[in-house]
Amino acid sequence: MTDAVDPEDRKIITLARSARARNGVPEGAAVRDETGRTYVAATVALPSLRLSALRTAVAMAVASGATSLEAAAVVTEADALPEDDLAAVRDLGGPAVPVLLAGPDGRPRATATAS
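Structure report, in brief. (Residues numbered from 1 in each chain as written. Predicted model: local features only at pLDDT ≥ 70, side-chain atom pairs only at ≥ 80, totals over all residues. Heavy atoms only, no water.)

Some words on the sheet that holds strand β6 (residues 98-102)
The strand order across the open sheet formed by five strands is β2-β1-β5-β6-β7, and the pairing between neighbours is mixed. If you trace the sheet from one side to the other, it starts and ends with β2 (38-42) and β7 (108-113), each paired once. The sheet shows a mean angle of 15° between the axes of neighbouring strands, direction not considered. Summarising the sheet, strand β5 (residues 69-75) and β6 pair through four bridges and their orientation is parallel. Paired with Val74 across the strands is Leu101, a residue of β6. Here helix α3 (residues 83-93) sits on the sheet in contact with β5, β6 and β7, set at roughly 165° to β5. (Pairing = 2+ DSSP bridges. Helix = DSSP H or I, 4+ residues; strand = E, 2+ residues; numbered from the N terminus. Axes fitted to C-alpha atoms, helices over the stretch in contact; angles between N-to-C directions. Contact = heavy atoms within 4.5 Å.)

What to know about the pairing of β5
Where burial is concerned, most of β5 is hidden: six out of the seven residues are buried. When strand β1 (residues 28-33) meets β5, the two strands line up antiparallel, connected through six bridges. Pairing of Val31 across the sheet is with Ala72, part of β5. (Buried < 20%, exposed > 50% of the residue type's maximum accessible area, 1.4 Å probe, protein only.)

A closer look at the side chain of Arg32
Within the fold, Arg32 resides in strand β1. Here Arg32 falls in the buried class, since its relative accessible area comes to 8%.

Quick notes on the nonpolar core
Generally speaking, a soluble globular protein has its nonpolar side chains buried in company with each other. Counting residues in hydrophobic clusters, the biggest one holds 22 residues, and the most contacted among them are Val31, Leu54, Val58, Leu69 and Val89. Residue assignment for this core shows that the elements contributing at least two residues are β1, β2, α2 (53-63), β5, α3 and β6. Core analysis: the second largest hydrophobic core is formed by 10 residues, Ile12, Ala30, Leu100 and Ala102 among them. (Core = buried A, V, L, I, M, F, W, Y, C linked by side-chain atoms within 4.5 Å.)

Brief notes about helix α1 (residues 7-23)
Between the first and last C-alpha of α1 there are 24 Å, a value that for 17 residues agrees with the 24 Å anticipated at 1.5 Å per step. Among the residues making up α1, those that are buried are Asp9, Ile12, Ile13, Ala16, Ala19 and Arg20. Angularly, the buried residues of α1 cover 125° about the axis, an arc narrow enough to put them on a single face. For α1, the exposed residues set more than 90 degrees away from the buried face come down to Pro7, Ala21 and Arg22. Elements that come into contact with the buried residues of α1 comprise β1, β2, β5, β6 and β7. Measuring from the backbone nitrogen of Glu8 back to the side-chain oxygen at the start of α1 gives 2.8 Å, which picks out Asp6 as the cap. A positive phi of about 60° marks Gly24, the residue just after α1. (Expected span 1.5 Å × (residues − 1). Arc of directions from axis to C-beta. Polar contact = N/O pair within 3.5 Å; in protein donor to acceptor, adjacent residues only side chain to side chain.)

Laid out in structure tokens, this is it:
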């Protein structure tokens, strides 16, 4: 993937990276809704509740009244995202929402759609 990332997409990657580092968790994520608001989350790993960072960010957007998504970003060491994560993005934003996957250094490695 090239380093030519839209500034607004770079912002959500930076926010996701910060959430991951601040909380010392495997993943950080951020989503941007239809109005440009961002929602940032980290992995949730409680004995009774386990959510990926991306599903947590989508849930935060929904709980705040978002009706759609423009983009999502996940910072992780993983090479791909689970289907459950993409399904959450698809449920709120539709199948064409770009999902940026970046490494812990914040470098974008891939862009997928929620489809």
